[in-house]
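Listed below are the residues making up each chain.
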Amino acid sequence: MATNQGPAELNWPFFNASHRDFKRLLDSWCQRHLITATHDESRSAVDAECVRLVALLGNGGWLAHAVAGQAHGAAAEQIETRNLCLLRETLAYHNGLSDFAFAMQGLGAGAISLHGTPEQKARYLPSVIQGKALAAFALSEPQAGSDVAAMQCRAQSTPEGYLLEGHKTWISNGGIAHFYVVFARTDEAPGAKGISAFVVSADSPGLVIEERIDVVAPHPLATLRFDKVAVTAAQRIGTAGEGFKVAMTTLDVFRTSVAAAALGFARRALHEALSWARSRQMFGQSLGDFQITQAKLAQMATLLDASTLLTYRAAWLRDQGERITREAAMAKMAATENAQQIIDMAVQMHGGMGVKKGSVVESLYREIRALRIYEGATEVQQLIIGKDLLHG
Ligand SMILES: Cc1cc2nc3c(=O)[nH]c(=O)nc-3n(C[C@H](O)[C@H](O)[C@H](O)COP(=O)(O)OP(=O)(O)OC[C@H]3O[C@@H](n4cnc5c(N)ncnc54)[C@H](O)[C@@H]3O)c2cc1C
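These figures come from a predicted structure and were not determined experimentally. (Residues numbered from 1 in each chain as written. Predicted model: local features only at pLDDT ≥ 70, side-chain atom pairs only at ≥ 80, totals over all residues. Heavy atoms only, no water.)

Concerning the overall build of the chain
Counting its secondary structure elements, the chain contains twelve helices and ten strands. In terms of overall dimensions, the chain is globule-like: its C-alpha atoms have a radius of gyration of 21 Å, near the 21 Å expected for 392 residues. Dimensions along the principal axes, computed over C-alpha positions, put the chain at roughly 80 × 45 × 40 Å. A burial count over the chain gives 54% of its 392 residues as buried. Of the contacts made within the chain by residues no fewer than 6 positions apart, 73% connect residues no fewer than 24 positions apart. Within the structure as shown, the chain displays about 16,800 Å² of accessible surface, and the carbon and sulfur contribution to it stands at 55%. Charged side chains in the chain number 37 positive and 38 negative. The centres of these two groups are separated by 2 Å. (Helix = DSSP H or I, 4+ residues; strand = E, 2+ residues; numbered from the N terminus. Rg over C-alpha atoms; globule rule 2.2 N^0.38 Å. Buried < 20%, exposed > 50% of the residue type's maximum accessible area, 1.4 Å probe, protein only. Contact = heavy atoms within 4.5 Å. Areas by Shrake-Rupley, 256 points an atom, 1.4 Å probe, with all protein chains shown as cover. Lys, Arg positive; Asp, Glu negative; His and termini not counted. Charge placed at Lys NZ, Arg CZ, Asp CG, Glu CD.)

Here's what the structure looks like:
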């Protein structure tokens, strides 16, 4: 079985001995428990595999690093960004769906661990960490993706609490989640200042899975409809009208980790390309004996190192307590864009085998694509970086 990060990266100054031990343990666990072999990509099989992987990650203790709050079973009071990134990179390297399952537990529970009441934390966080409850983060709508503040889903105030009405779409874990963190308009003010966050149980009357969405690399994904779903004030996360802040602070924790997942996919592609270049014979020598191949491998490795440096710079800075708006955006943009190029070069080197369904590079080619779109498309990251450069 291939190993992931070599000793060279782990000796970079962003890491200390505890990260190196963590990475070794993690890699050996992944080699024992995760397989890269192609799985059945039918909707029911992918759903079942996600549920299995969440339980496996919970039993392995890894979900404790996706959630904050030691009183509830988390590894630390605040998520350690470098461990979070090492986890996502390593899981993505071995098995893309395991990275998805891991990331969604963190993103889905993030708002509760950052802004939840003690009761909300006690009710949800232990079961998320143990892999017994699947979490989801429901922010996007058909008319509000990049432009989050344009959301229309409404939480109408009632004497008992609120009635949720509207749609959410592209919701990962939609259809298999046990609860959703839902953002809805409460109209304290226009735009971003009139949104609140709620935790809503999947079995709430009026919450309907309107459509399951199939994408290039199958993950559980759905459009949700809220038909006057009754929620109490105790289900609101944070202050009324501060839901936009709740969403953005949650995404801030996880943005750098999307870059780390891209690193894992890209590093695997480079590993596959190197093995193929050594073994594939043509014109009386190996593919790797051609200088054009060596140039491609050099380009892939350089893009990968650049992404790795940007990703762990952002992770390290965050762990020092720094604000990392620009650095996280640079990491997310560069790592996902570079990974797409690296994987494409690996596919090209594999010839027909590169596009054969079930080959590792073919599945990486599909896995990487959505990362350039979700949690802020590349263009959104460009705007964040540009504005930060201009206005600080
Ligand atoms: C696989 C997958 C999983 C997802 N999971 C979740 C989830 O769990 N929860 C959730 O809430 N959402 C989720 N999403 C939704 C995701 O966050 C949105 O798709 C994303 O924010 C983009 O929104 P949109 O699709 O509406 O595209 P739009 O907002 O319509 O943007 C379309 C394109 O326009 C370009 N663009 C955007 N802004 C600008 C700009 N300012 N200037 C120039 N060009 C621009 C970008 O290229 C962008 O891709 C998921 C999406 C995918 C694909």
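Right, picking up where we left off after that structure.
Some remarks on the environment of A101
Positionally, A101 belongs in helix 5 (residues 96-115). Relative accessible area serves as the criterion here: at 2%, A101 is assigned to the buried category. Taking the C-alpha atoms as reference points, A101 and A329, separated by 228 residues in sequence, lie 23 Å from one another. If we skip the residues at most four places from it in the chain, A101 touches C50, L53, V54 and L57.

Focus: unusual backbone geometry
Even without a glycine there, the phi angle at K228 is positive, about 50°. Relative to the assigned elements, K228 resides in strand 7 (residues 221-232). Look at F283: it is not a glycine, yet its phi comes out positive at around 50°. Tracing the backbone shows F283 in the loop between strand 9 (281-282) and strand 10 (285-286). Residue F283 is classed as exposed on the basis of its relative accessible area of 76%.

Describing the pattern of salt bridges
Across all of its chains, the model carries 23 salt bridges by this definition. D21 serves as the salt-bridge partner of R24, at 3.3 Å between the closest nitrogen and oxygen. Residue R24 and its partner D21 are located together in helix 2 (residues 17-33), separated by three residues, close to a single helical turn. Given a relative accessible area of 45%, D21 falls into the partly exposed group. (Salt bridge = Lys/Arg side-chain N within 4 Å of Asp/Glu carboxyl O.)

As for the nonpolar core
By size, the foremost hydrophobic cluster in this structure holds 100 residues, and its most contacted members are F179, F183 and M300. Per-element tally for this core: the top contributor is helix 7 (residues 243-279), with 18 residues. Among the nonpolar cores identified, the runner-up in size contains 19 residues, and I171, A177, A184 and F198 belong to it. (Core = buried A, V, L, I, M, F, W, Y, C linked by side-chain atoms within 4.5 Å.)

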